[in-house]
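Coordinate inspection notes
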Amino acid sequence: MYFYGTTGINNQGHLEIGGVDTVQLAKEFGTPLYVYDVALIRERARGFKKAFEEQNVKAQVAYASKAFSTVAMVQLAEEEGLSLDVVSGGELYTAIAAGFNPAKIHFHGNNKSREELEMAIDHQIGCIVVDNFFEIELLKTICQEKNAKVNILLRVTPGIEAHTHDYILTGQEDSKFGFDLQNGQAEKALKIVLKEKQFNVLGLHCHIGSQIFETTGFLLAAKKIVNKLAEWRDQFSFEAEVLNLGGGFGIRYTKEDEPIQPSQYVSDIIKEVKSLTNQLSLKMPEIWIEPGRSLVGDAGITLYKTGSSKEVPGVRKYLAVDGGMSDNIRPSLYQAKYEAVLANRPLDPVNETVSIAGKCCESGDMLIWDLPLPEPGYDDILAVFCTGAYGYSMANNYNRIPRPAVVFAENGQATLVVKRETYEDIVRLDLPLT
Ligand SMILES: Cc1ncc(COP(=O)(O)O)c(C=O)c1O
Ligand SMILES: N[C@@H](CCCC[NH3+])C(=O)O
């Protein structure tokens, strides 16, 4: 059994997190329930920040809020001195509603709407990460209308194929994101934005993918970009103040995953950028990163109640829980793997192998295949680990299942930070036939 952060077993023999008994949590707040170990999120945030401070490099650690965006989470990010990456009007609205300092917000996205860009400009956010030629024109027009000047980064694709699931590759040439560095698009974009007085071009951004376990991809990306920066310094007298290398740092979901320390990614990246800029006599840019999963992923667990089970003789036993792909779509979408225990009796001898099914009307709604467990009964509490990133944020109402509540646990204190959806919420936007 592997425990993350403050997760462990208490005197009652129950799983606890943040000093709070998970069986009590399930009783008080119902299931399914997302629970976060706040101390672990703080530890992860401080780890990234410290890694930069130790190397004495100007930096911003921007929390990629797509991993888990709620008002309380954004406030926690601010408490920890992080910047914030948002990718939609909804995430930006959440940040503003949370009172997050707009100057530390970076806005991403491959198809930001006019309304979203206007919202970003009106709130004077820190920077807009420009993704494509269409956006350059749109942003220019809006800035002219509003007589505004914005900080921008150009998102470039450096042609890196990170070793991860195909669907979460983003740094390769054939990508819907960004300007390609090698086929001349990035250079063409730079020439355009440098001419526009509405833009203050801070530098470049790239994101090579997600759930990456090696530093090689980041270093290769840095090398390609810094080499290009040297060419651009000579051609256009442009020197980047900022180099944003995105997020994507991998975490441990199961025992097969062997992540490296955040400080390792950071120190390898810094070493590489320092050495490259030195060689090419470029000034050392600020390094920005955008971790999402690695800040919140292993700090979250989901509690479910067990329900029906079905034996397929000689094949397998299915055990159904009261959630599924509606609260965690990652197994169906990416064949993502998770580990889990019975939270109400984690120390019971493991004597069964069961496959955890969700309750959605979809054969692919399976949370975990072949999970070793003590023989489960009806109404046991199943705790699935490492659901803190892209769980709540990708939750949906398929089969009109209400989305679960979210609780923050810290120092023995449980705080409800997102209420459970109700059936009234489910029909709230529906209009009857007239
Ligand atoms: C531009 C950008 N930045 C940051 C992230 C965060 O990635 P992760 O949660 O893997 O750290 C993503 C998602 O992959 C992204 O697309
Ligand atoms: N949502 C994905 C990762 C994509 C990240 C955004 N570019 C996941 O659950 O792993």
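Nothing here was measured: the structure is a model prediction, and the numbers come from that model. (Residues numbered from 1 in each chain as written. Chains lettered and ligands numbered in written order. Predicted model: local features only at pLDDT ≥ 70, side-chain atom pairs only at ≥ 80, totals over all residues.)

Here's the deal with unusual backbone geometry
Short version of the rule: Here a helix means four or more residues in a row that DSSP labels H or I, a strand means two or more in a row labelled E, and each is numbered from the N terminus. Every C-beta atom is placed from the backbone, and the number of other C-beta atoms within 10 Å of a residue's own sets its class: buried at 20 or more, exposed at 12 or fewer, partly exposed in between.
A cis amide bond, omega -10°, links Thr31 with the succeeding residue Pro32. For Pro32, the position within the fold is in the loop between helix H1 (22–29) and strand E4 (33–37). Despite not being glycine, Cys386 has its phi angle at roughly 65°, a positive value. Here Cys386 is to be found in the loop between strand E19 (381–385) and strand E20 (405–410). Notably, Asn399 is not glycine yet its phi reads approximately 60°, a positive angle. Looking at where Asn399 falls in the secondary structure, it is placed in the loop between E19 and E20. Residue class for Asn399 comes out partly exposed when judged on the 14 C-beta atoms lying within 10 Å of it.

Overview of the UniProt feature "binding site: pyridoxal 5'-phosphate" (unreviewed entry) in the protein
We count it as follows: UniProt positions are given in the numbering used here, feature names are shortened, and annotations may be inferred rather than shown by experiment. By the criterion used throughout, residues are in contact when their C-beta atoms, derived from the backbone, lie within 7 Å.
Look at the UniProt record and you will see "binding site: pyridoxal 5'-phosphate" (unreviewed entry) annotated at Gly248, Glu290, Pro291, Gly292, Arg293 and Tyr390. Mapped onto the elements, Gly248 comes out in the loop between strand E12 (242–244) and helix H9 (262–279). Here Arg293 shows up in helix H10 (residues 293–296). Overall, the presence of 24 C-beta atoms within 10 Å leaves Arg293 in the buried class. When neighbours within four sequence positions are excluded, Arg293 is seen to be in contact with Ala67, Ser210, Gln211, Ile251 and Ala389.

Considerations on the packing of helix H8 (residues 216–236) against H9
Stated precisely, the cut-off is as follows: Under this scheme, a helix contributes an axis fitted over its contacting stretch, all axes are lines through C-alpha atoms, and angles between N-to-C directions fall in the 0 to 180 degree range. An angle below 35 degrees is treated as roughly parallel, one above 145 as roughly antiparallel, one from 65 to 115 as roughly perpendicular, and anything else as oblique. We call a crossing left-handed when the near helix sits turned anticlockwise from the far one by less than a right angle, and right-handed when that turn is clockwise. Put simply, Ala, Val, Leu, Ile, Met, Phe, Trp, Tyr, Cys and Pro go in the nonpolar bin, Asp, Glu, Lys and Arg in the charged bin, and everything else, Gly too, in the polar bin.
Running from N to C, H8 and H9 point in directions that differ by 25°, and their axes come no closer than 10 Å. Taken together, the axes of H8 and H9 lie roughly parallel to each other. For the element pair H8 and H9, the recorded crossing hand is right-handed. Where H8 abuts H9, its residues Phe218, Leu219, Ala222, Lys223 and Val226 lie against Tyr265, Asp268, Ile269, Glu272, Val273, Leu276 and Thr277. Of the residues assigned to the contact of H8 with H9, the class counts are eight nonpolar, one polar and three charged.

Quick notes on the site of ligand 1
Which entries qualify depends on this criterion: Put plainly, near means the residue's C-beta atom, positioned from the backbone, lies within 6 Å of the molecule or strand in question.
Taken together, 17 residues form the shell around ligand 1, and within it Ala64, Ser210, Gly247, Gly292 and Arg293 come nearest. Of the residues assigned to the shell around ligand 1, the class counts are five nonpolar, nine polar and three charged.

Topic: the environment of Ile212
Position of Ile212 among the secondary structure elements: in the loop between strand E11 (199–205) and H8. By the C-beta count within 10 Å, which is 27 here, Ile212 ends up buried. In this structure, the C-alpha to C-alpha distance between Ile212 and Gly248, residues 36 residues apart in sequence, is 5.7 Å.

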